[in-house]
Amino acid sequence: MTSPGNHHDELPNQAASHSPLLDVDISMFSNAGFDMSRVAIKRNLPVAQLYEEAIRKEGAVIASSGALINFSGKKTGRSPKDKRIVYEETSKDDVWWGPVNIKLDEHTFEINRERAIDYLNTRDDIYVFDGFAGWHPKYRIKVRIIAARAYHALFMHNMLIRPTREELENFGEPDFTVYNAGHFPANRFTTGMTSTTSVEINFKRREMVILGTEYAGEMKKGIFSVMHYLQPIKYGQLSLHSSVNQGKAGDVSIFFGLSGTGKTTLSADVHRDLIGDDEHVWSDEGVFNIEGGCYAKCIGLKHDKEPEIFDAIRFGSILENVTFDPETRDAMFEDSHITENTRCAYPINFIPNAVIPCMTSKQPSNVIMLTCDAFGVLPPVSKLTSEQAQYHFIAGYTSKTPGTEDGVTEPSPTFSSCYGQPFIVLPPQRYASMLAERMSHVKCNAWLVNTGWTGGKFGVGRRCPLKYTRAILDAIHDGSLANAEYEPFGPGLFDFQIPKAVNNVPSELLNPASTWSDRSAFEDQLKKLAGMFAEAFVQHENEVKPEVLKAGPHK
C-alpha cells in the first residue's frame, strides 16, 4: 500500500476534469462560492510540493534539520477572547455560553463566511487538505481544511490523520469544513465583532471560519472544540484534553495537566508506548487519539532534555515562529524575541514509541491529574475519591510563578476547567460526570500529582525533583501505590489521602508539612490556597452535585 499523505489532486484554473471524483469536488467548491474559473484548488499535495509552495510564495526556509520554518505573522498564539460559537437551534441548549463560548448570531456568521470566501477567491491558489479527526473508524469525522497558505495545509497535514489513497478517493462530503482566511481581517464594526480577529464555529452548518489570525494552532484547537461537542452529543463518548500512554502489560494511563505541569514530559516514558500527547477520546471500546501529529513547544529545546521531540524536527515537520541562523539555517531554539510560544508540528509517527494506529482497546487503569503548585503545600501524590476527582477535574488547578509578568511577586493560581477550558463546549459538569461514570465502570484509580514546589513556596523551597515524580508514576503504573498504606492530609481543607511510603522516594517528601521549617507558615499557605480553590469554584457551585462540591476545599 502506498504511504498515506502522498496522494493529491490539483484542479487547474481551466477546471475540465476527466475524473468523476474531481467533478464532485469541483461542484462542492463552486456551490460553496468559490470562483472555479480563476482559482486553482490544490488538494492534499505531497509534502515536498507544499515545501516548494511555501518557500516560493510565503518566504519559508528549510532548516538545517530538514524542517520547514515559517511564521504566523502578528498573532503568535491563540485568541481565546475571539472564539465564537453560532447561537442556533440545534446546539444552543447544550453549549456552555459565556466568556469561553461567546454567542454569535447566524447572520453575522454568514457575513464573515462570505468575507472569508471572497478573500480566498482573490488568491491564485487555494490549498485544501482532507483528513480525519479521531483514529477510531466508528467515531472519526471527515475534516476539510481550505486555506490560502501552503504552510497551513502542511500544518494540518501533520495534525490531522492522513488518509490513504482509497480513503481520499472515497472521501466525499466532509463532516466539518474550515475556511481559513486568517490573513484577511474581520470587520470590527460588524455586529458581534470586538476586534479584527474572529474564530467562529457553526455546528448547524458544520463549518468554521477564521479571520484576522494566521496562527496555525487556531485550526488545531478549533477542530478539538468541534470534537468536544460532537463526541459527547452525537456519539456519547468522552473527549479529553490529555496525553495517554500504555504499559507493556496493556495498562493505560490518562494524563491531565496545564502548561508547565509536565504532561508531555511525563507521558513520554521510554518504558511505555505513547498513544498521543494532547487530545483523546475515552470511548466504549477504549481510548483513541484525535490527532495524527504533535504540536510541541520549542522554546529552549535541547536534545539531551527532550530527545524524542528534537529528533522529530526533520523533513516534513514545521517550525513555527522559530528564528534561525541565516548562514547555517540552524534553528535558534533559545531565541524568544518573536514569541515564547515557538512550536513544532510533526506527524506522530516521527516519535519512535508511538502506537500506530493511535488507539488502544484497553480501558484506562489510572487517571493522573498533574498540577504545579508554586505555593508548595500540595502533596507530591494524593489518591482521589470519585467525588474529589470530579472536583479537581472541573477546577483544573496549577499556578504561575513570579517573574513571568512585571509586578508579580508571589505565585498566582490558574484554574482551567477540565484542564482545557478554552476548548470545551459543554458545561464542565457534563464532562466530569462522564469521567466519573467511566472511571467507576472500569474501576480506574485517580491521582493528583504535584510537580511543583516542596519545602516552601516558590523562592523559598525547591521544585520536586523529576526523578521522584517519575518514581511516583512508576509506583502508580506497577500497582504498588494503589496497595500502599495511607494517611490523611489537610483535614477540613483538602482531605486528601497520601501514601506513607513510595519506592525510591524519601518518605519525608510525601507529606509537605514535614518539609517546611515553619509549620505555621505552611498552614497559612494551605488555608490561602484552599480559599483560592473555593473562590474559583463559585461559578460551578450550582452545576455540580452536593457531594462533588463537598469534596473540594473550603474557605
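Residues numbered from 1 in each chain as written. Predicted model: local features only at pLDDT ≥ 70, side-chain atom pairs only at ≥ 80, totals over all residues. Heavy atoms only, no water.

An unreviewed UniProt entry lists the chain under the name Phosphoenolpyruvate carboxykinase (ATP), with Malassezia restricta given as the organism. Here the chain is described in UniProt, under the heading Catalytic activity (unreviewed entry), as follows: "oxaloacetate + ATP = phosphoenolpyruvate + ADP + CO2". Looking at the chain in UniProt, the text filed under Pathway (unreviewed entry) is "Carbohydrate biosynthesis; gluconeogenesis." (UniProt positions renumbered as here; feature names shortened; annotations may be inferred.)

1. Looking at the sheet that holds strand β12 (residues 238–241)
Spatially, the 4 strands line up as an open sheet ordered β12-β16-β17-β21, and their pairing is antiparallel. This sheet does not close on itself; its edge strands, each paired only once, are β12 and β21 (359–360). Lying on the sheet, helix α6 (residues 217–235) is in contact with β12, β16 (279–283) and β17 (286–289); it crosses β12 at an angle near 150 degrees. (Pairing = 2+ DSSP bridges. Helix = DSSP H or I, 4+ residues; strand = E, 2+ residues; numbered from the N terminus. Contact = heavy atoms within 4.5 Å. Axes fitted to C-alpha atoms, helices over the stretch in contact; angles between N-to-C directions.)

2. Brief notes about the packing of helix α4 (residues 150–159) against α6
At their nearest, the axes of α4 and α6 sit 9 Å apart, and the two run at 40 degrees to each other. One finds that α4 runs oblique with respect to α6. Note on packing geometry: the crossing formed by α4 with α6 is right-handed. Judged by residue contacts, His 152, Phe 155, Met 156 and Met 159 of α4 engage Gly 217, Met 219, Lys 220 and Ile 223 from α6. Among the residues making up the contact of α4 with α6, the classes are represented as 5 nonpolar, 2 polar and 1 charged. (Parallel < 35°, antiparallel > 145°, perpendicular 65-115°, else oblique. Left-handed = near helix turned anticlockwise from the far one by under 90°. Nonpolar A, V, L, I, M, F, W, Y, C, P; charged D, E, K, R; others polar.)

3. Here's the deal with the environment of His 540
With respect to the helices and strands, His 540 occurs in the loop between α12 (519–537) and α13 (546–550). Sequence separation between His 540 and Ser 417 is 123 residues; the distance between their C-alpha atoms is 9.6 Å. Discounting chain neighbours no more than four positions away, the residues touching His 540 are Trp 96, Ile 394, Ser 417 and Pro 428.

4. Side note on helix α10 (residues 428–442)
Since one α-helical turn is 3.6 residues long, residues separated by three or four positions face the same way. In a regular helix each residue adds 1.5 Å, so 15 residues correspond to 21 Å; α10 covers 22 Å between its end C-alpha atoms and thus fits that length. Of all the positions in α10, only Pro 428, Gln 429, Tyr 431, Ala 432, Met 434, Leu 435, Ala 436, Arg 438 and Met 439 are classed as buried. Backbone geometry just after α10 places Lys 443 at a positive phi near 55 degrees. (Expected span 1.5 Å × (residues − 1). Buried < 20%, exposed > 50% of the residue type's maximum accessible area, 1.4 Å probe, protein only.)

5. Focus on the sheet that holds strand β19 (residues 318–320)
Strands sit in the order β3-β4-β19-β20-β18 across an open sheet of 5 strands; the sheet is mixed. The open sheet is flanked by β3 (61–62) and β18 (293–297), the only strands paired with a single partner. Note: β18 against strand β20 (residues 343–347), 5 bridges, orientation antiparallel. Note on β20: the bridge partner recorded for Cys 294 is Tyr 346. Relative to the sheet, helix α2 (residues 47–58) contacts β3 and β4 (68–70), its axis offset from that of β4 by approximately 35 degrees.

6. Observations concerning unusual backbone geometry
At the junction of Ile 356 and Pro 357, the peptide bond is cis and its omega measures out at -5 degrees in the coordinates. As for its position among the elements, Pro 357 is in the loop between β20 and β21. Although it is not a glycine, Cys 418 adopts a positive phi angle of roughly 60 degrees. Among the structural elements, Cys 418 can be located in the loop between β25 (412–415) and α10.

7. Comments concerning helix α11 (residues 466–477)
When the terminal C-alpha atoms of α11 are compared, their 16 Å separation across 12 residues agrees well with the 16 Å that a helix rising 1.5 Å per residue should span. Taken residue by residue, α11 has Tyr 468, Thr 469, Ala 471, Ile 472, Leu 473, Ala 475, Ile 476 and His 477 as its buried positions. The inward-facing, buried residues of α11 abut β13 (243–246), β14 (252–256), α7 (263–267), β22 (364–371), β23 (381–384) and β26 (445–450). Directly after α11, the chain includes Gly 479, whose backbone phi takes a positive value near 90 degrees.

8. What to know about the environment of Thr 339
With respect to the helices, strands and loops of the structure, Thr 339 is situated in the loop between β19 and β20. You can call Thr 339 buried: its relative accessible area is 10%. Taking the C-alpha atoms as reference, Thr 339 lies 8.6 Å from Gly 77; in sequence the two are 262 residues apart. The residues contacting Thr 339, other than those within four sequence positions of it, are Thr 76 and Asn 321.

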